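Analysis of the macromolecular model
Here is how the chains run, residue by residue.
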Amino acid sequence: MTLQPQTAVGTPQSRVDGRLKVTGRAPYAADHGAEEGVDNVRYAVVVDSTVGLGRITGVDTRAALAQPGVLTVIHHGNSPRLPYVDNPGSNNPQPGTRLRVFQDDRVLFFGQPVAVAVAETLEAAQHAASLVEVTYAAEPPSTDLTQAPGDEPTRYARGDADTAWTQAPVRLDLNYRLARNHHNPMEPHATIARWDGDNLKVWDKTQWVVGGTQTELAAVFGIPQQSVRVISPFVGGGFGSGLRAWPHTTIAALAARVTGLPVKLVLSRRQMYFGTGFRPAYTYALKVAGDRRGQLTAMVHDVRAETSSYETFTEAVLVPGQMLYSMPHVRQAYSTVPLDVNTPIWMRGPGFATGTQVIECAMDELAHELGVDPIELRLRNEPGKDPSTGLPFSTRRLRECYQVGAREFGWHRRNPKPGVTRDGDWLIGTGMAAAVYDTGGFPAQAHVRLNADGTALVQSATSDMGPGTYTSMPQVAADALGLTMQTVDFRLGDSVMPPTGPHGGSTTMASVGTAIQLGSDQVRRQAITLAVNDPRSPLHGVRPEDVIVRNGRMHLKNDPTRGETYQQLLTRNQRPHLEAIGTYTGAVHDRFSMSAYGAVFAEIAVDADTPNLQAIYLNGNDPETNPLGVKGLGEITLVGVAPAIANAVFHATGRRIRDFPIAAEALL
């Protein structure tokens with residue numbers, strides 16, 4: 001079949017959802033109202049634990065319940081028992097037992113939900129929550145990553161890194177501390193829940209409509225998955241915080257069941273610091289070994305990361321150290337440290353951002369030690385194939401990234417000596433770092449329907465937290481179907497639509513976009529087959545591979561005058577529509593090493609200003625990664641930023657900071 005000409009993909013387009021957002025008409029989780037069947041809603045406010053560990057000895061709700069408009073206060077002493085069956089397909093960290101809200105008297109971390117007040121107004125619910133008196137038998141919580149014992153580490157090794165480091169002529173022994181990061185998206189987490197008999201409908205802020213919220217609520221309440229419907233048309237930023245269903249979502253559904261009324265629960269900004277996860281804190285000890293020519297010989301990584309006491313969260317922090325640079329000897333140990341905190345979750349560039357931050361700062365230190373330009377040091381250690389697997393790279397244009405970045409940044413003007421470049425009284429520093437992130441894809445499906453009027457409807461249960469999914473998916477469908485974007489209606493964010501994986505990890509275009517491409521291709525082929533087999537069609541008898549479609553009109557590739565429109569074909573054949581389900585089974589990494597790469601350059605002025613950010617993307621595609629040949633940009637644009645800035649700080653001041661984030665007092 002002849003490939004369709006591209007007219008929408010790769011061309012500037014106005015955001016499909018732009019007008020809704022700038023006029024305030026885009027409905028986020030807490031915005032849904034009577035027009036969507038959410039009337040007579042009641043409000044829930046969570047009461048948070050004020051101790052970090054212990055047991056609840058009493059809950060006094062009398063003052064709260066005496067307030068006008070208060071319907072109930074739910075806590076472990078009066079809550080219905082919930083099944084909490086296993087949910088192996090979710091993002092709940094394993095091994096572990098997820099927090100079971102209001103099911104016992106245990107307090108596992110500061111801020112844990114211990115009660116919820118439900119009232120007719122938000123103000124009444126807030127006041128009632130403030131009047132709930134909870135008493136505790138408190139215990140000293142363990143919250144210090146440096147002091148608590150860790151779990152048995154995950155290990156990786158090739159060669160003999162310890163011996164190679166001992167024998168190397170150039171050695172660095174470095175220790176880094178990376179603080180916890182919180183997501184803080186613009187939209188707070190929120191859920192509206194309503195029961196109709198045994199069927200639950202929720203409007204939720206989520207990055208995974210099906211596997212995140214729908215399957216988890218079904219498991220928690222012990223009901224069939226099809227009895228839960230999740231709606232999430234717009235997400236006001238997530239950065240990973242919406243990749244699983246958090247306790248507040250269960251609480252909203254529980255309150256709705258107890259009261260028999262729709263219930264809305266919105267977390268406060270403060271509650272998001274202990275209610276929805278975070279990038280965990282790390283201690284990262286790194287030993288680097290090389291020769292005087294700048295050839296790396298060994299790295300030894302000892303990593304400790306915080307997790308909760310009840311779940312074990314891990315991320316791919318070790319991967320950059322295994323494959324970013326060529327070296328024969330690597331040893332890694334990664335220990336999770338159970339603490340009395342809530343469970344972490346993935347955050348922009350998960351794992352790779354942390355690992356790359358340490359490695360790229362260490363590379364800058366090694367370059368300074370050797371008197372070698374930081375880019376040149378990286379080029380000397382650029383591998384020809386993935387050192388961790390031996391597989392060839394599907395694409396790795398890191399050399400070109402260095403070249404283009406250095407040219408555009410003006411790297412050649414840089415004085416390599418730290419602390420000497422000034423602009424008036426300001427110290428100026430420049431730094432750079434490499435960036436890498438995994439190129440993956442999750443199984444995804446999309447429903448594509450070509451209507452008799454020549455328009456198309458495309459549906460998939462993915463999310464859109466801001467990257468432009470509402471716009472990019474119609475671009476793919478329009479080109480595959482031979483339509484204009486204006487004739488493609490794309491809908492998302494509803495669990496009754498075909499399922500997809502999580503909206504995260506820079507995988508949405510690779511996964512959902514591929515499913516839409518495949519489904520649209522099927523529909524286009526159906527239409528062409530119908531035309532070439534229809535004696536009444538101008539295309540009757542021609543080879544299907546000689547037919548292309550533009551602007552909804554099928555015609556011979558070499559004779560645009562011979563053809564007809566979709567609408568003419570379907571109307572004549574009395575077909576209301578043609579449809580197909582496009583299915584993408586996920587990325588396969590057995591023949592190539594597939595990652596996205598970048599180089600980050602930074603200039604800083606100590607005494608600070610608003611940065612001037614410029615992103616340059618190299619044109620190209622990687623057909624080995626997925627049928628669309630795309631690599632996600634959401635994560636890779638973050639990875640490398642922090643070490644580039646840290647390296648620029650050293651260049652400006654001559655002070656090497658290894659405790660992140662870099663605070664002003666560290667430079668005084």
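Now for a look at the structure at hand. From a predicted model like this one, the values you see are computed outputs, not experimental measurements. Within any chain, residue numbers begin from 1 and follow the written order of that chain's sequence. Note on the predicted model: pLDDT of at least 70 is required for a residue's local features to be given, and 80 or more for side-chain atom pairs to be given and counted; whole-chain, interface and lining totals, by contrast, use all residues. Computation of side-chain values covers all heavy atoms of the structure but excludes hydrogens and water.

Here we come to the sheet that holds strand β5 (residues 113–119). Sheet strands associate in pairs through backbone hydrogen bonding, adopting either a parallel or an antiparallel arrangement. What the 7 strands build is an open sheet, ordered β3-β5-β1-β12-β9-β10-β11; its pairing is mixed. Each having just a single partner strand, β3 (70–75) and β11 (228–231) make up the two edges of the open sheet. Neighbour to neighbour, the strand axes of the sheet diverge by 20° on average, direction disregarded. Two strands pair when backbone bridges link them, and strand β9 (residues 190–196) and strand β12 (residues 263–266) are joined in this way by 4 bridges, in the antiparallel orientation. Bridge assignment links Ala193 to a residue of β12, and that residue is Val263. Two strands qualify as a pair provided that DSSP identifies no fewer than 2 bridges between them. Secondary structure elements follow DSSP: runs of H or I no shorter than four residues count as helices, runs of E no shorter than two count as strands, and numbering proceeds from the N terminus. To get an axis, fit a line to the C-alpha atoms, keeping to the stretch in contact for a helix; angles then go from 0 to 180 degrees between the N-to-C directions.

Let us now look at the nonpolar core. For soluble globular proteins, the rule of thumb is that nonpolar side chains tend to be buried together. In this text, buried Ala, Val, Leu, Ile, Met, Phe, Trp, Tyr and Cys residues form a nonpolar core when linked through side-chain atoms within 4.5 Å. Throughout this description, buried means an accessible area under 20% of the type-specific maximum (1.4 Å probe, protein chains only), exposed means over 50%, and partly exposed covers the range between. Counting residues in hydrophobic clusters, the biggest one holds 53 residues, and the most contacted among them are Tyr176, Tyr284, Val288, Leu296, Met299, Tyr325 and Leu366. Ranked by residue count, the leading element in this core is helix α9 (residues 352–370), at 10 residues. Contacts of Tyr284, omitting those with residues within four sequence positions, involve Leu174, Asn175, Tyr176, Leu178, His301, Asp302, Val303, Val317, Gly355, Val358 and Ile359. Of all hydrophobic cores here, the second largest spans 41 residues; its members include Tyr470, Phe490, Val523 and Ile528. Contacts are assigned to residue pairs that have any heavy atoms within 4.5 Å of one another.

On to the pattern of salt bridges, then. Take a side-chain nitrogen of Lys or Arg and a carboxyl oxygen of Asp or Glu: if they are within 4 Å of each other, that pair is a salt bridge. One pass over the full model with this rule turns up 30 salt bridges. Between Arg194 and Asp196 there is a salt bridge, with the nearest N and O atoms lying 3.3 Å from each other. You can call Asp196 partly exposed: its relative accessible area is 43%. With its nearest N and O atoms 2.7 Å apart, the salt bridge here joins Glu624 to Arg591.

Further remarks concern the pairing of strand β18 (residues 444–451). Along β18, 6 of the 8 residues are buried, which leaves the element largely enclosed by surrounding structure. Pairing between β18 and strand β24 (residues 577–584): 8 bridges, direction antiparallel. Bridging from a neighbouring strand, Ala446 pairs with Gly582 of β24. Here β18 folds back onto strand β19 (residues 456–460), and the loop between the two strands holds 4 residues, one of which, Gly454, carries a positive phi near 90°.

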